[in-house]
Amino acid sequence: MTVHDFHLKTAKPYLATGDWDNWYTALDISFPGRVIVVGDNRGNVTQLTLDGESLWKEKLHNQKVTHIEFSPRAPWCIVTASVDRTVKVWDVRNMKGKKNCLHTLPHEKPVNAAHFRITGGSQLIIHRQNNVRHYGLTTSTMAIENHHAYQPKHISLMQATWHPLRDIVVVGRYPDPNFPSYVEGEPRTVDFFDGVSGKLLHQHLDRGVGKNIISCNLFNATGDRMLSGAGVDVWIWKPNFDEIRRKERKQENIENDNFDDDSTDNEDKNNLEKKRKKKDSNLKKKRPSKKDDDIDDIKKKIKKTESKKGRTQKR
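Please read all numbers here as calculations on a predicted model, not as lab measurements. (Residues numbered from 1 in each chain as written. Predicted model: local features only at pLDDT ≥ 70, side-chain atom pairs only at ≥ 80, totals over all residues. Heavy atoms only, no water.)

### Here's the deal with the sheet that holds strand β17 (residues 190-194)
Rule in force here: The pairing criterion is simple: DSSP has to find at least two bridges between the two strands. The numbering of helices and of strands both runs from the N terminus, where a helix is a DSSP run of H or I of at least 4 residues and a strand a run of E of at least 2.
Pairing is antiparallel in the open sheet, where 4 strands are placed in the order β15-β16-β17-β18. Each of the sheet's edge strands pairs with one partner strand only, and the pair in question is β15 (161-162) and β18 (200-204). In the sheet, strand β16 (residues 168-172) pairs with β17 via 5 bridges, with the strands oriented antiparallel. Looking at the pairing, V170 lines up with F192 of β17.

Set out below in C-alpha cells:
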C-alpha cells in the first residue's frame, strides 16, 4: 500500500506483505481521526496513522476483506464486507479481535461492498448473485433485483455506491448471458438507480471506454465528479451541464435566426409589393390617353403648315 504525492511526484510505501499469496484488497481514510484502515485477502485489517505508523492489526474475517469504510457521521466506526458472507460494524477505538464486533449482518452469498450513505444511516450491499440490498437502521429491503453484474473471478468485484447528496445508487453493468433479458451485444454501462424504488434512471456509456468492464465507481464529496476503475485504467467524469447549455443556446439561436429570416423575408416581400404598386401607379399617370394622342397630332400638323407658309412668304 503506497501513498502518492502528485505535486511532488513522489511515492512512499506504507505496507508490503512480502508474499505473492497475500495482498491488500480494501482501504479507507478518516481525515477527522487521522487514520487509515487496510484489509487483505486473508481477513486481516490493519490501522495506520496518516504518516504510516502501524497502530494495530487484527483478523476480523475468516476470508478476504472485500470492502472497508469509515462512517461519515461517526469517524470511529467502520464497516467491513467479506467473502465469508458477513458484513460487520466495528469501533476502531476498541479493537481486540472478532469479539469486539458491534454488529454482524449475515448473508447467503459473498458480499462485494457495504457503503454508508452520507444522507442517512443506511448501507448499500451488492451480492455476487446480482442483487443490491438496501439496509435501514432496523430493516432491510431488496432495492435492486437481478441487476446485470456478472462476476467472473478474473475481474475486480462489482461494487455499488451511493451518490453523496441524493438517494441514487451507481453500479457498473456487466451483462450476464444467463439472464432471461440478456441481449447479444448489450453495452457495458454504468447504471444509475433510484435508491428507494430501484428504478433505472440513467445509463452512462462512453465509446472511449471500449469493452472495459467498469467494476468500481466512486463520487467526490460534492457529487459533481465520479471516478471509475476498470482493469488498469481510471476515468474521472463530470456532468456535461455546459455542453447541454451550449446545445440549448445553439438551438435557441437557430430558432431565433429562422424567426428573423422569416420576418425579414416578409418585410422584403411587403416592400417589393409596395414598390411594384407605386411603379404601376406612376406608369398609369404617365401613359397618354387616345384623346391626348389626337391633340398632339393636330398640333404637329398646324406647326408644319405654319412653317410651310412662312417659307412661301419669304420667297
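Next comes the rest of the account.
### Description of the pairing of strand β21 (residues 233-237)
Bridging between strand β20 (residues 226-230) and β21 involves 5 bridges; their strand directions are antiparallel. In the strand pairing of β21, L227 is matched with I236. Taken together, β20 and the strand that follows it, β21, pair antiparallel across an intervening segment of 2 residues, in which G231 is found at a positive phi of about 65°.

### A few points about the sheet that holds β21
Note the threshold: In this analysis, axes come from line fits to C-alpha atoms, helices being fitted only over the stretch in contact, and the angle between any two N-to-C directions falls in the range 0 to 180 degrees.
On the basis of which strands lie adjacent, the open sheet formed by 3 strands has the order β19-β20-β21 and antiparallel pairing. Since the sheet does not close on itself, it has two edges, and those belong to β19 (216-219) and β21, each with one partner. Here the strands of the sheet are splayed against their neighbours by 20° on average, with no regard to which way each runs.

### Observations regarding unusual backbone geometry
Not every positive phi belongs to a glycine, and K9 is a case in point at roughly 60°. Even without being glycine, R85 reaches a positive phi, approximately 70°. The residue R85 is located in the loop between β8 (77-82) and β9 (86-91) in this model.

### Overview of the confidence of the model for the protein chain
Put simply, the test is: Summary of the metric used: pLDDT quantifies the predictor's per-residue confidence within the range 0 to 100.
Here the protein chain averages 78 in pLDDT, while 71% of its residues score no lower than 70. Model confidence for the protein chain, summarised as mean pLDDT per element, is weakest for strand β14 (residues 140-144) at 51 and strongest for strand β4 (residues 35-40) at 96.

### Side note on a nonpolar patch on the surface
This is how it is decided: Every patch collects residues that have over 30% relative accessible area and no salt bridge, joining them within 9 Å if they carry like charges and within 5 Å if they are nonpolar side chains (Val, Leu, Ile, Met, Phe, Trp, Tyr). Accessible surface area values rest on a Shrake-Rupley calculation with a 1.4 Å probe, where residue burial reflects the displayed protein chains alone. The rule for a salt bridge is simple: a side-chain nitrogen of Lys or Arg has to be within 4 Å of a carboxyl oxygen of Asp or Glu.
A grouping of L27, I29 and F31 is seen on the molecular surface, where their side chains present a nonpolar patch of about 290 Å² in accessible area. Structurally, F31 can be placed in the loop between β3 (24-30) and β4.

### A look at the pattern of salt bridges
Pairing between side chains of opposite charge can happen when the charged atoms of each approach one another. Rules: Summary of the burial criterion: residues with accessible area below 20% of their type's maximum are buried, those above 50% are exposed, and those between are partly exposed, where the area comes from a 1.4 Å probe applied to protein chains only.
One pass over the full model with this rule turns up 4 salt bridges. Between D19 and R42 there is a salt bridge, and its shortest N-O distance comes to 3.1 Å. With D19 in the loop between β2 (10-13) and β3 and R42 in the loop between β4 and β5 (44-49), this pair connects stretches of sequence that are 23 residues apart. Assessed through its relative accessible area of 37%, R42 is described here as partly exposed. The salt bridge involving D191 is made with R173; its shortest N-O contact spans 2.6 Å. Here the residue D191 occupies a position in strand β17, and R173 occupies one in the loop between β16 and β17, the gap between them amounting to 18 residues. The pair D191 / R173 is uniform in exposure class, with both members buried.

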